[in-house]
Every structure is written in structure tokens, then in C-alpha cells.
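# Reading the structure
Listed below are the residues making up each chain.
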Amino acid sequence: MGSSDYIVEIKDMSFAYDTGRLILDDVSLNFRRGQVIAIMGGSGMGKTTLLKLIGGLLSPDKGSVTINGQKLDPKNLQSLYRIRRKMGMLFQFGALFTDMTVFENVAFPLREHTDLPEELIRDLVLLKLDAVGLRGAAPLYPSEISGGMSRRVALARTVALDPDLIMYDEPFAGLDPISMGVTAQLIRNLNDVLGSTSVIVTHDVQETFTIADYVYMVSSGKIAAQGTPDELRQSKDPFVVQFVNGLPDGPVKFQYPAPSLNEELGIKP
Ligand SMILES: Nc1ncnc2c1ncn2[C@@H]1O[C@H](COP(=O)(O)OP(=O)(O)OP(=O)(O)O)[C@@H](O)[C@H]1O
């Protein structure tokens, strides 16, 4: 473990894809150990890109990402794999392997990355499934369980190797309100039980504010606001007010920039 209070330190980082458009523009953020951190913002604001940069799947054009005191260096693959081994990533929907049982899905990372004996794998898988309330579903196939249950199995699989840092991309997408609440509480509980740090990328203010310790709001490549959920709820910043209350128009415009409608329809004023 690094000595710093922060498991992730991002310093003056900028990133553009090949198209050249700057997706992240000189952002700095630090994730404190043990916390649940949310990254929020509208569609296409670069949230998933940020997770990929933290996971070392992309590398910054400028600035640095430090995990557990070790700077990510895309050229040093060995170090990258070692760091990544302590990360759990659940990317959008986290599809399960449909030809494997629930048990085998959760066992998969253990079999891939460890040489643990079969009895120990069995115990670890059952413990993880128990933590998400699905020990009884171990012999079932993904086609035999609901979407909400599949998400919980994917959570169990993500934490199978006891990661220090768990990243979730849109963990609530496509879930009914009850499953959303269950998933949110599970993310919080798994984080606390495992003593890890969790990062959630999401649009969902309601669920996120109930479990997050700290929230970053991303807009136009910058950190537009940050704080605890309480601080953000009380903020008078028009961007934060619009986002927290889900208002259709505000500093973030409902209309994509365009000529006036009259002009475009050829209507003379
Ligand atoms: N491989 C890529 N090549 C070029 N541009 C990309 C690539 N991946 C994403 N982008 C662009 O980068 C921007 C940020 O994408 P990203 O997926 O990080 O946003 P996001 O905030 O996670 O959005 P959403 O909430 O809709 O998933 C978008 O405009 C997207 O079109």
C-alpha cells in the first residue's frame, strides 16, 4: 500500500482521442482511501474515459495518474499488470458468461489469476455470493436469473480478488428502482467490508447521493463542481442546481448549438 491518504492521485491530466478534441482538460482529482467516490456529468462528458485512464487502458497526453503511490507508466507493462491486479472494474452492464453457472462466473477471475486449490476457490466464491445474497443461485445459469440478480453476480465477480480499488461504470443502468437501491447498498457494503475504495461513474443522482462520500461533477472536460452530497445539495452554483434537480435547461443547454429555428426553416421574422 502507498503511504498517501489517497489511493488515486490524478494531476493536471489532459486527454484527447485521435480526433484531437480535448475530452479531459487539465483535471486534478484525488480519491481518499476507503471512500465511495462518484463521478457524475452528462452524456459524453468523458466519465468512462476517465475510468479507462485510471485503469491504465488509456494513457494521458499530459499529467499523471498515480495509484497506490505508483505512477502509471504505459510502457512498463509488468508494473501496469501488477497495479491492475488490485483493481476491480465493472464496465457497463458487466455481462456474465452465459455458458457458465453463476458459481463459475464468480470463480473465473480466481481461476485466471491465482493457483488456489479448488476447495479454497469454492469457499471464496460462496462467500462472495453470500455477500450479494445469491449463494443459493450458485448452480443457476445467467438465463435463469433476473437482470438485477445478474448485476449482483457481476458485482461478486468484480470483487472476487479483493481489489483495493473498484470501478463501476453506470452500475444502475437498466435496473428497476428496487434493484437500483439494492445495487447501491451492495456497492457501499462491499466497499466497507473489503476495506477498498470505490469509484462510480453514473448519471443517477438519487442513488449515488445516498451512498457516496464525495462527488465530482464533470462538464466540458473540466471538474465543474465537487463536494460531499450534502455540500452539493446546498450549492447555489447554477450548474450543480441543474444537475442535482435534473432540470432540463440551465447552464447545460437543452438545445445542441444551432442556428435559430426561424433561420433554419426560412421563416422571415
Ligand atoms: N475510442 C474513441 N475514439 C474517439 N472518440 C471517442 C472514443 N471513445 C469515446 N469518444 C468520445 O469521447 C467523449 C467522451 O466519451 P465517454 O464515453 O468518456 O463519455 P461519458 O461521459 O462516459 O458518456 P456516457 O455517460 O454517455 O457514457 C464522447 O464525445 C465520445 O464520443
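Remember, predicted model here, so these are calculated numbers, not experimental data.

In this section: the sheet that holds strand E10 (residues 222-227). As summarised here, the arrangement of the six strands in space is E6-E7-E8-E3-E9-E10, forming an open sheet in which the pairing is mixed. With partners counted over all chains shown, the strands left at the sheet margins are strand E6 (87-90) and E10, one partner each. Strand-to-strand twist across the sheet, computed as the mean angle between neighbouring axes with direction ignored, equals 15 degrees. By the bridge criterion, five bridges tie strand E7 (residues 165-169) to strand E8 (residues 197-202) in an arrangement that is parallel. Following the sheet pairing, Tyr-168 is matched in E8 by Ile-200. Lying over the sheet, helix H9 (residues 238-245) contacts strand E3 (36-40), strand E9 (214-219) and E10, oriented at roughly 105 degrees with respect to E9.

Regular strands place their side chains on alternate faces of the sheet. The sheet contact formed by strand E1 (residues 6-16) and strand E2 (residues 22-32) spans seven bridges and is antiparallel. From the neighbouring strand, Glu-9 faces E2, where its bridge partner is Asn-30. Connecting the antiparallel pair E1 and E2 is a turn made up of five residues, with Gly-20 showing a positive phi of about 90 degrees.

For helix H2 (residues 77-85), the set of buried residues is Ser-79, Leu-80 and Ile-83. Along the axis of H2, the buried positions cluster into a sector of 100 degrees, meaning they face one direction only. For H2, the exposed residues lying more than 90 degrees away from the buried face are Gln-78 and Tyr-81. Where H2 is buried, its residues touch strand E4 (62-67), strand E5 (70-71) and E6.

Axis separation between helix H3 (residues 102-113) and helix H5 (residues 147-158) bottoms out at 8 Å; the angle between their running directions is 30 degrees. In terms of orientation, H3 lies roughly parallel with respect to H5. In the packing of H3 onto H5, the handedness of the crossing is right-handed. Contacts between H3 and H5 involve Val-102, Asn-105, Val-106 and Pro-109 from the former and Val-153, Ala-156 and Arg-157 from the latter. A per-class count over the contact of H3 with H5 returns five nonpolar, one polar and one charged.

This next bit is on the sheet that holds E1. In spatial order, the strands read E2-E1-E4-E5; together these four strands make up an open sheet with antiparallel pairing. Only two strands of the sheet have a single partner each, and these edge strands are E2 and E5.

With that settled, the discussion passes to the packing of aromatic side chains. Taken as a whole, this structure holds five aromatic pairs when the rule is applied. Both rings, one in Phe-97 and one in Phe-108, keep their centres 4.8 Å apart while their planes meet at 55 degrees; by these two values the pair is tilted. Of this pair, Phe-97 sits in the loop between E6 and H3 while Phe-108 sits in helix H3, placing them eleven residues apart in sequence. Given a relative accessible area of 32%, Phe-97 falls into the partly exposed group. On the basis of an interplanar angle of 25 degrees and a centroid distance of 6.3 Å, the ring pair of Phe-239 and Phe-243 is categorised as stacked. Here Phe-239 and its partner Phe-243 are both found in helix H9, four residues apart, which amounts to about one turn of the helix. Across this residue pair, the class does not change: Phe-239 and Phe-243 are buried. A connected cluster of aromatic rings, assembled from ring pairs, spans Phe-31, Tyr-214 and Tyr-216.

Another point: H5. Across its twelve residues, H5 extends 16 Å between first and last C-alpha, which sits within 8% of the 16 Å expected from 1.5 Å per residue. The element H5 is largely enclosed, with a buried count of ten among its twelve residues. If you check which residues of H5 are buried, you get Gly-148, Ser-150, Arg-151, Arg-152, Val-153, Ala-154, Leu-155, Ala-156, Arg-157 and Thr-158. Elements that come into contact with the buried residues of H5 comprise E6, H3, helix H4 (118-131), E7 and helix H6 (177-194).

Parameters and conventions
Residues numbered from 1 in each chain as written. Predicted model: local features only at pLDDT ≥ 70, side-chain atom pairs only at ≥ 80, totals over all residues. Heavy atoms only, no water. Pairing = 2+ DSSP bridges. Helix = DSSP H or I, 4+ residues; strand = E, 2+ residues; numbered from the N terminus. Axes fitted to C-alpha atoms, helices over the stretch in contact; angles between N-to-C directions. Contact = heavy atoms within 4.5 Å. Buried < 20%, exposed > 50% of the residue type's maximum accessible area, 1.4 Å probe, protein only. Arc of directions from axis to C-beta. Parallel < 35°, antiparallel > 145°, perpendicular 65-115°, else oblique. Left-handed = near helix turned anticlockwise from the far one by under 90°. Nonpolar A, V, L, I, M, F, W, Y, C, P; charged D, E, K, R; others polar. Phe/Tyr/Trp six-rings, centres within 6.5 Å; stacked < 30°, edge-to-face > 60°. Expected span 1.5 Å × (residues − 1).

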